[in-house]
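Geometric and topological summary
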Amino acid sequence: MPIRQMKENSEQHLVIKNHLQNTMNPVQRAPKTAQNGKGPPAAHEPNNTKQSHNQTSPPTKNRGRRRGRGGRKSDQGDVCTRPSSRPCTVAQKPVNPASGAIMVATSNGSIQNGHNLSGMEMGFPTSSKSLNFAPRPGYGQVGTKCIVKANHFFAELPDKDLNQYDVTITPEVASRTVNRAIMAELVRLYKESDLGMRLPAYDGRKSLYTAGELPFAWKEFTIKLVDEEDGINGPKREREYKVVIKFVAQANMHHLGQFLAGKRADAPQEALQILDIVLRELSTKRYCPIGRSFFSPDIRAPQRLGDGLESWCGFYQSIRPTQMGLSLNIDMASAAFIEPLPVIEFVAQLLGKDVLSRPLSDSDRVKIKKALRGVKVEVTHRGNVRRKYRVSGLTSQPTRELVFPVDDNSTMKSVVEYFQEMYGFTIQHTHLPCLQVGNQRKANYLPMEACKIVEGQRYTKRLNERQITALLKVTCQRPRDREHDILQTVQHNAYDQDPYAKEFGIKISEKLASVEARILPAPWLKYHETGKEKDCLPQVGQWNMMNKKMINGMTVSRWACINFSRSVQESVARGFCNELAQMCQVSGMEFNPEPVIPIYSARPEQVEKALKHVYHASMNKTKGKELELLLAILPDNNGSLYGDLKRICETDLGLISQCCLTKHVFKISKQYLANVALKINVKMGGRNTVLLDAISWRIPLVSDIPTIIFGADVTHPENGEDSSPSIAAVVASQDWPEVTKYAGLVCAQAHRQELIQDLYKTWHDPVRGTVSGGMIRELLVSFRKATGQKPLRIIFYRDGVSEGQFYQVLLYELDAIRKACASLEPNYQPPVTFIVVQKRHHTRLFANNHRERSSTDKSGNILPGTVVDSKICHPTEFDFYLCSHAGIQGTSRPAHYHVLWDENNFTADGIQSLTNNLCYTYARCTRSVSVVPPAYYAHLAAFRARFYMEPEMQENGSTGGGTGNMKSTRAAGESGVRPLPALKENVKRVMFYC
């Protein structure tokens, strides 16, 4: 979707000020209290806006690099082309209220750090190329130093000239496999003559790369390719192609060297792309390439996942520019593939029944059609001729009833007769439908028993719970085993013997990179004064609620319970509710032990009727006072019940609900009840714990002035859902200085749109004229209402953005933040720090010595708080890897944080410590989590909002979105996205998504 373009006369939402002056209430400071020697550290003087810090390198000028790596959300390391230069808007403003420093646009349009240019109005960069990301301000020093190993392998920079050639194949071929076969034949025929002994690397599309120039700048070749699918015996079809190779450009290796050395901020994408393709060339020939990974049934024996699927093992590979130079990132990978079975056997597995003797029902046909559409099959009824086809559908009639015209006179012949006469093939199972292959205008029929699924087809649709469990068993590897497999993969790939790597002069180390890391200390947590333990220092990322009480326990006076599980007797449900009420009380809440009305039992299919009955019956009993909490007992396998219940409660009735599964009701665990109590308390508007440093005013660049912390995420529909909307969610802290409670808003937007459309928007009201709104604005207003202060600093954690989208997302969303602020008050532009959070990357960190127990947690993973900001990180930009959680099973994945924009002048220690400490404030458990909570909450809220789409919209995959936080301000027809139902006011004020 194009980024909004700003007209010359359009409003620019920034006015530069030397320092922030505002009409807000003065900041109220809490009195500092001394701590005893056994407790947490004593409070110091509150920090100023600027932090004091040690750094190994001084702050540099604001630098950035042009990026344009597009690609999927999961492929962080994709190396593609430059970004487009479509005009975008971005506002610039003071960096630091204390210093009066501002961001200025230089004569070439790029944004640089400036100082004391008060009263100037700033321009906007005209494209993403003129925007520089935040430079690294130095390296962190806080924490215990240690060495970890990373799955990055040093790649020596080649000293040869790399050349790019354009390839045109006529007639045009859609298949990369066929393109590669054509070029392989060309190289075989002409390498020693016309190609001057060069061994080129080919991307399968339009580009060919060589080390050194070819003897020509332009040349045409004629290549004849034999169709191998036509069988071994008999004549084979031969196709002729014209291939034109034309010189395009030479990659600048000096530029790449300068960039890796940190002397240039813009990455030479062409050179990186060439090296990536060169190192993928041999693996592309050996294995099945999917995205940036390679799979093969020979790497490890495939494991059955059920329903005709199996898991293949493989490896991920990507060349990355890092501080240590070029690095090859290698990781293990697994994916679901369709088993290469005879189609009838696949269908039997899919349906879980014998299909040879029984006719298929309509629902069976729908399931088969959905599973096989787009799948490649090969025929088995023609001996050695194994022609391949792609399935386009399934016939509604059985094979025995199918007839088709065989000539222009409309002479009809049955499919059974045709296969008998043409191929001597007798169709045995004529009660089964035929597969349809080809297009709709000219569909061919293939009997199921004459087809076999082609090997090597990845399954891209949604897996069921059983398949996910089976796949996780395969992918879940302890750190030591994963490290061993990665090293084995590198040795097996034998890059030193790779003819393409040799040709281009690329040398790959076979050793994991050793990286300096630091283990950040866990923060002290504050609990209520009435508990035995008032403060807590987590150990190895964990603690518990024993002897502690929630710091702000809420009161639940009016609650009800609805039981949707047939197997749970009323007495069992009553016992469970009593235990839960007691746990809430023990944890620090006031919880009425008796429900407003007796526990109500209902059938899952009557969820709406049952919820409304309980709602109204409770209202009648309490004389109009609304229920504060609804407990719901659900069957373990409850289909759409959970989603329906949440949708009705949160968008129709305005009820806060807590669901509990039957298995937990029967097996009452204290730990489970304690976790449910934590969830209930925050849903009611309470706080479970807060950072001691927060209430002691000791968090740099948070405690000094009112600060709001945002989290944002966009979740996209499953693969195969071609028209369902994407769901965006934004949460924001609603308390200061605690920064623990988050309100959340959701909206639906265009399918697979990554930019959050409803951050800020305006519309015309017949009475009020132009009205401003949007998620940022509404959350800023709610912060002011909740705290009595307006935010003077914004920290924005943005989840789910791939590197290729950094520029677009920053330009669009920073502009929306600017406009939202300016719409509230003239000259209101609090400084913004914009941080992208990435989990879908392939960097893994391992203990330097797995035998050394003190350097790992129980699962064998690196310790929580491990942070890396050198060697494997970006050469110039402000990024770091943080493993903030203790592992449970498998290998921990550190979160990658990339500070794209920083007007608050965070030091490396400042943002790393803040991020790590926030991970201990996640409301739903007593563990530090792997992703900073505001980003985590945004993800939960976006996931929840999928349930708000009308049931029929979810089933057929048609559009179903809009804003779920307020009345939609955009007509459904205007955006093509249907509005979500509005969240009730009392729901969106609390952490309903927990």
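- The protein is annotated in an unreviewed UniProt entry as Protein argonaute 10-like isoform X1 of Durio zibethinus.
- The heading Sequence similarities (unreviewed entry) in the UniProt record of the protein holds the text "Belongs to the argonaute family. Ago subfamily."

1. With respect to unusual backbone geometry
- Here the amide bond leading from threonine 170 into proline 171 is cis, since omega sits at -5°, within 30 degrees of zero.
- Along the chain, proline 171 turns up in the loop between strand E6 (162–170) and helix H1 (176–190).
- Of the consecutive residues tryptophan 736 and proline 737, the connecting peptide bond is found in the cis state with omega at 20°.
- Here proline 737 lies in the loop between strand E35 (726–733) and strand E36 (742–749).

2. Side note on helix H2 (residues 253–260)
- Within H2, burial applies to Met253, His255, Leu256, Phe259 and Leu260. The buried residues of H2 occupy one face: seen down the axis, they fall within an arc of 155°.
- Along its buried surface, H2 packs onto E6, strand E10 (238–251), helix H3 (269–286), strand E14 (309–322) and strand E15 (325–338).
- Looking at where H2 begins, the residue whose side-chain oxygen comes 3.1 Å from the main-chain nitrogen of histidine 254 is asparagine 252.
- Residue glycine 262 follows H2 closely and has a positive phi angle near 80°.

3. A short note on the packing of aromatic side chains
- One pass over the full model with this rule turns up 27 aromatic pairs.
- Between tyrosine 742 and tyrosine 937, the aromatic rings sit 5.3 Å apart at their centres with planes inclined by 55°, giving tilted as the arrangement. Of the two residues, tyrosine 742 is situated in strand E36 and tyrosine 937 in helix H19 (residues 933–945); the sequence distance between them amounts to 195 residues.
- With centroids separated by 6.4 Å and ring planes inclined at 80°, the aromatic side chains of tyrosine 797 and tyrosine 897 adopt a geometry described as edge-to-face. Of the two residues, tyrosine 797 sits in strand E39 (residues 793–799) while tyrosine 897 sits in strand E44 (residues 895–902), which places them 100 residues apart along the sequence. Side by side, tyrosine 797 and tyrosine 897 carry an identical accessibility label, which is buried.

4. Re the sheet that holds strand E31 (residues 629–634)
- The strand order across the open sheet built from four strands is E30-E28-E31-E32, with neighbouring strands paired in parallel fashion. Edge strands, defined here as strands with exactly one partner in the open sheet, are strand E30 (600–601) and strand E32 (657–661).
- Bridge count for strand E28 (residues 559–563) against E30 is two bridges, and the pairing is parallel. In the strand pairing of E30, isoleucine 562 is matched with tyrosine 600.
- Helix H12 (residues 641–653) contacts E31 and E32 of the sheet and is inclined by roughly 165° relative to E32.

5. A look at the environment of aspartate 909
- The topology assignment puts aspartate 909 in helix H18 (residues 908–918).
- Taking the relative accessible area as the measure of exposure, aspartate 909 reaches 11% and is therefore buried.
- Sequence separation between aspartate 909 and leucine 520 is 389 residues; the distance between their C-alpha atoms is 9.5 Å.

6. Quick word on the nonpolar core
- The biggest cluster of nonpolar side chains holds 92 residues, and the ones touching the most others in it are Ile680, Tyr797, Tyr897, Tyr937 and Tyr993.
- The greatest single-element share of this core, amounting to eight residues, is contributed by helix H14 (residues 670–683).
- Two domains each donate at least three residues to this core, and these are domain 3 (521–527 + 687–839 + 895–950) and domain 4 (553–686).
- Residues Leu162, Leu199, Leu260 and Met332 belong to the second largest nonpolar core, which totals 55 residues.

7. Points about the packing of helix H4 (residues 343–351) against helix H5 (residues 362–372)
- As a packed pair, H4 and H5 sit with axes 11 Å apart at the nearest point and diverge in direction by 120°. Here H5 runs oblique to H4, going by the angle between their axes. Crossing angle aside, the handedness with which H4 passes H5 is right-handed. Contact with H4, carried on its side by Val343, Phe346, Val347, Leu350 and Leu351, involves Asp364, Lys367, Ile368, Ala371 and Leu372 of H5 and no other residues of that element.
- Taken together, the residues that form the contact of H4 with H5 break down as eight nonpolar, no polar and two charged.

8. A short note on the pairing of strand E8 (residues 207–211)
- For E8, a buried count of five out of five residues is recorded, marking the element as mostly surrounded by other parts of the structure.
- A two-sided burial pattern is seen for E8, the buried positions comprising Ser207, Tyr209 and Ala211 on one face and Leu208 and Thr210 on the other.
- In this structure, E6 lies alongside E8, joined through five bridges in antiparallel fashion. Bridging across to E8, aspartate 166 finds its partner in serine 207.
- Pairing between strand E7 (residues 201–202) and E8: two bridges, direction antiparallel. Along E8, the bridge assignment pairs alanine 201 with tyrosine 209.

9. Section: the sheet that holds strand E24 (residues 513–519)
- Spatial ordering of the open sheet is given by E36-E35-E34-E39-E40-E44-E43-E42-E24-E4-E41, a layout of 11 strands whose pairing is mixed. The sheet is open, and its two edges are formed by E36 and strand E41 (845–847), each paired on a single side. Across the sheet, the mean angle from the axis of one strand to that of its neighbour is 30°, orientation sign disregarded.
- One ladder, built from eight bridges, connects E35 with E36; its direction is antiparallel.

Cut-offs applied
- Residues numbered from 1 in each chain as written.
- Predicted model: local features only at pLDDT ≥ 70, side-chain atom pairs only at ≥ 80, totals over all residues.
- Heavy atoms only, no water.
- UniProt positions renumbered as here; feature names shortened; annotations may be inferred.
- Helix = DSSP H or I, 4+ residues; strand = E, 2+ residues; numbered from the N terminus.
- Buried < 20%, exposed > 50% of the residue type's maximum accessible area, 1.4 Å probe, protein only.
- Arc of directions from axis to C-beta.
- Contact = heavy atoms within 4.5 Å.
- Polar contact = N/O pair within 3.5 Å; in protein donor to acceptor, adjacent residues only side chain to side chain.
- Phe/Tyr/Trp six-rings, centres within 6.5 Å; stacked < 30°, edge-to-face > 60°.
- Pairing = 2+ DSSP bridges.
- Axes fitted to C-alpha atoms, helices over the stretch in contact; angles between N-to-C directions.
- Core = buried A, V, L, I, M, F, W, Y, C linked by side-chain atoms within 4.5 Å.
- Domains from an automatic or database assignment.
- Parallel < 35°, antiparallel > 145°, perpendicular 65-115°, else oblique.
- Left-handed = near helix turned anticlockwise from the far one by under 90°.
- Nonpolar A, V, L, I, M, F, W, Y, C, P; charged D, E, K, R; others polar.

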